Amino acid sequence: MKIVFATNNLNKLKEIQQILPTSIELLSLKDIGFSGEIPEDHETLEENAFQKAQYIFDRYKISCFADDTGLEVESLNGAPGVYSARYAGDDCAAENNMKKLLSEMQGKANRRAAFKTVVAFVTDTEKCAFKGIAIGEILNEKHGDKGFGYDPIFKPEGYDVSYAEMSSLEKNKISHRGKAVRKFTDYISLMS
Ligand code: IMP
């Protein structure tokens, strides 16, 4: 069974390859010859994930999944949430997003946060979504240099280290995307 993962993020491709059963052939956008930006302009993670998967499915007619992730911080009323990628401005680097978040969090006692992922799957016969949540807290400063995005400042609940101090295998076991993708892979394993 061939499935396209509609992402330009190579870190995510690598993470997901480790979780998918070998019966599934994972294709990247590069593998199918797509090199462009996929629109992502909705107000919720679920709508954005479906928009990306549908966009590629409509053009290539290959079953496709896409994910959308947001980091919701309790004391910032859920920000940056669906705007996590462009928190410090359009096309900004992860470094700038983390800097902005750390500055917004200065002096806040409540540092509880949650990463949320929605995986949307689109085929010629169905559309379904799978969700994963990881609760944790925003650290006072960056720790570790693995992973990507906000990893250095997110410490998952029950752990003494940040996501960026974990190997990708360790992170996958407990992460928001790991949980959503496992629900998705359980589902397609039954189908294939
Ligand atoms: P996207 O919707 O998956 O592209 O992610 C939105 C924002 O959250 C981007 O700034 C990503 O870098 C960040 N992000 C997504 N997944 C993770 C993760 O597993 N760890 C840290 N940051 C992430």
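Up top is the structure these notes are about.
The structure presented is a predicted model; accordingly, all values stated were derived computationally and were not measured.

The rules behind these values
Residues numbered from 1 in each chain as written. Predicted model: local features only at pLDDT ≥ 70, side-chain atom pairs only at ≥ 80, totals over all residues. Heavy atoms only, no water. Buried < 20%, exposed > 50% of the residue type's maximum accessible area, 1.4 Å probe, protein only. Helix = DSSP H or I, 4+ residues; strand = E, 2+ residues; numbered from the N terminus. Pairing = 2+ DSSP bridges. Salt bridge = Lys/Arg side-chain N within 4 Å of Asp/Glu carboxyl O. Core = buried A, V, L, I, M, F, W, Y, C linked by side-chain atoms within 4.5 Å. Contact = heavy atoms within 4.5 Å. Near = heavy atom within 4 Å. Polar contact = N/O pair within 3.5 Å; in protein donor to acceptor, adjacent residues only side chain to side chain. Areas by Shrake-Rupley, 256 points an atom, 1.4 Å probe, with all protein chains shown as cover. 1 Å grid on protein atoms, 1.4 Å probe; cavity = no way out; pocket = protein on both sides within 12 Å on 5 of 7 lines; lining within 4 Å. Sits in = over half its atoms within 2 Å of the grid points. Arc of directions from axis to C-beta.

Caption draft 1: Just the pairing of strand 3 (residues 64-73), in detail. Counting buried residues in strand 3 gives nine out of 10 residues, a clear majority hidden from the surface. Inspection of the sheet shows strand 1 (residues 2-5) paired to strand 3 by two bridges, in the parallel sense. Paired with Phe5 across the bridge in strand 3 is Phe65. Sheet analysis places strand 3 next to strand 4 (residues 80-81), joined by two bridges and oriented antiparallel. For Leu71, the partnering residue across the bridge sits in strand 4 and is Gly81.

Caption draft 2: Layout of the pattern of salt bridges. If you walk through the whole model with that rule in mind, you get 10 salt bridges. For Lys52, the salt bridge identified is with Glu40, shortest N-O distance 3.6 Å. In this pair, Lys52 sits in helix 2 (residues 45-60) while Glu40 sits in the loop between strand 2 (25-27) and helix 2, placing the two residues 12 residues apart along the sequence. On the accessibility criterion, Glu40 (34% relative accessible area) is partly exposed.

Caption draft 3: Quick peek at the environment of Leu169. Its location among the elements puts Leu169 in helix 4 (residues 168-174). Relative accessible area serves as the criterion here: at 53%, Leu169 is assigned to the exposed category. Along the primary structure Leu169 and Leu10 are separated by 159 residues, whereas in three dimensions their C-alpha atoms are 15 Å apart.

Caption draft 4: Focus on the nonpolar core. Leu71, Val73, Leu101, Ile138 and Tyr150 are the most contacted members of the largest nonpolar core, which totals 18 residues. No other element matches helix 3 (residues 94-104), which puts three residues into this core. Those residues within four positions of Tyr150 in sequence are excluded, and the remaining contacts are Leu71, Pro80, Ser84, Tyr87, Asn97, Met98, Leu101 and Phe115. In terms of nonpolar packing, the next biggest core, distinct from the first, is built from 17 residues, Leu13, Leu26, Val181 and Ile188 among them.

Caption draft 5: Geometry of the site of the ligand. Residues in contact with the ligand amount to 13 residues; listed here are only the nearest, Lys12, Asp68, Asp151, Lys171 and Arg177. Between the ligand and Thr69, the relevant distance is 3.1 Å, taken from an oxygen atom to a main-chain nitrogen or oxygen of the residue. Within the side chain of Asp151, one N or O atom sits 2.5 Å away from a nitrogen atom of the ligand. Its free accessible area being 470 Å², the ligand has 89% of it covered by the protein chains. Placement of the ligand is best described as lying within the largest pocket. If you list the elements that add at least two residues to the shell around the ligand, you get strand 3 and helix 5 (176-191).

Caption draft 6: Molecular detail of helix 1 (residues 10-19). For helix 1, every residue scored as buried is listed here: Lys12, Leu13, Glu15, Ile16 and Ile19. Around the axis of helix 1, the buried residues are gathered within 165° of arc, so they sit on the same side. Facing away from the buried side of helix 1, by more than 90 degrees, are the exposed residues Leu10 and Lys14. Lining the buried residues of helix 1 we find strand 1, strand 2, strand 3, helix 4 and helix 5.

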